[in-house]
Amino acid sequence: MRALVIILSSLFAAGLAAGPADAGVPTEKIKETTREILSIVTNPAMKDPSMKEERRKCIRQVVDKRFDWREMARRALARHWAARSEEERGQFIKLFSNLIEKTYLEKVEGYSGEEVRYVGERIDGRFSEVRVKILTKKSEEIDVTYRLKEKDGDWLVYDISIAGVSLVNNYRVQFNSIISRSSYRALVKKIEEKLAQP
């Protein structure tokens, strides 16, 4: 969990090291997002406690531009997605994106200068992977892969893997377990309860 927080924080606030010489559009899109978030979290005016809600709103707006929440939610629900009505899907996309924000994205504000090295990129049609290494303050190296899909002329993140472990797959296992043991409604209720916690 701690490693994932570091990764997500670093995704949105680092981008310090040069990328590979043949880096293409997907890598540049990830870098663009990191620069936008970095400008928010390092802005002295945004560090005032009274700006907390505004700061988080700005971070979320930037993240929303880079993440394909619908694709992530669909993959996380997997076979249970098909049984959902369009209204249920819309509700779940909102719940899922808010869950990610509450669990991880708020930690972006605690970014402490982890270094990110862009080490590779692979494009296969409409899909791509951007590989990076995170160098922590304790000199630990963590391999991260951002998976993106081309959509409407842009490259959007639909999954992040840390040391080979997929964020979406982790949620898929949890969600499937809850639905299989109980129901889809029970999953929604559980997410809503988590979001309601301070």
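Each chain carries its own residue numbering, running from 1 in the direction its sequence is written. Whole-chain, interface and lining totals are the exception, using all residues; otherwise, since this is a predicted model, local features are given only for residues with pLDDT of at least 70 and side-chain atom pairs are given and counted only at 80 or more. Side-chain numbers here rest on the full set of heavy atoms in the structure, without hydrogens or water.

Draft legend 1. Expanded view of the side chain of glutamate 129. Relative to the assigned elements, glutamate 129 resides in strand E2 (residues 127-135). At 3.5 Å, the side chain of glutamate 129 forms a polar contact with the side chain of arginine 147. Once residues lying within four places of it in the same chain are set aside, the contact partners of glutamate 129 are Gly120, Glu121, Arg122, Thr145, Tyr146 and Arg147. For the purposes of this entry, the term helix denotes a DSSP run of H or I that reaches at least four residues, the term strand denotes a run of E that reaches at least two, and both are numbered from the N terminus. Nitrogen and oxygen atoms within 3.5 Å of one another constitute a polar contact, given that in protein one can donate a hydrogen and the other can accept it, and given that sequence-neighbouring residues count only through two side-chain atoms. Contacts are assigned to residue pairs that have any heavy atoms within 4.5 Å of one another.

Draft legend 2. Structural context of the sheet that holds strand E5 (residues 165-166). Two strands pair under a simple rule: DSSP has to find at least two bridges between them. The five strands are arranged E1-E2-E3-E4-E5 in an open sheet whose pairing can be described as antiparallel. Of all strands in the sheet, those bounded by a partner on one side alone are strand E1 (115-124) and E5. Where E2 and strand E3 (residues 141-151) come together, nine bridges link them in antiparallel fashion. Its bridge partner lying in E3, valine 130 is registered against tyrosine 146. To define axes, lines are fitted to C-alpha atoms, for helices over the stretch in contact only, and angles between the resulting N-to-C directions are given on a 0 to 180 degree scale. In this fold helix H2 (residues 25-41) packs onto E1, E2, E3 and strand E4 (154-162), with an angle of close to 145 degrees to the strand it touches most, E1.

Draft legend 3. Broad picture of the packing of aromatic side chains. Think of it this way: a Phe, Tyr or Trp ring, Trp meaning its six-membered ring, pairs with another when their centres are within 6.5 Å, and the plane angle makes it stacked under 30 degrees, edge-to-face over 60, tilted otherwise. Scanning the model with the defined rule gives eight aromatic pairs in all. Measuring from ring centre to ring centre gives 5.0 Å for phenylalanine 67 and tryptophan 69, while their planes differ by 45 degrees; the resulting arrangement is tilted. Across the pair, exposure class does not vary: phenylalanine 67 and tryptophan 69 are buried alike. Measuring from centroid to centroid gives 6.1 Å for phenylalanine 92 and phenylalanine 96, while their planes differ by 20 degrees, and the two rings are stacked. Of this pair, phenylalanine 92 and phenylalanine 96 both sit in helix H5 (residues 86-103), four residues apart, roughly one helical turn. Take phenylalanine 92 and phenylalanine 96: they sit in the same class, and that class is buried. Remark: a charge is flagged as sitting over a ring if the NZ atom of Lys or the CZ atom of Arg is within 6 Å of the ring centre and within 35 degrees of the ring normal. Positioned above the aromatic ring of tyrosine 118, the side-chain terminus of lysine 31 is 5.0 Å from the ring centre. A cation over an aromatic ring shows up here: arginine 84 above the ring of tyrosine 184, its NZ or CZ 3.9 Å from the ring centre. Residue exposure (1.4 Å probe, protein chains only): buried if accessible area is under 20% of the type maximum, exposed if over 50%, otherwise partly exposed.

Structural measurements only, silent on function.
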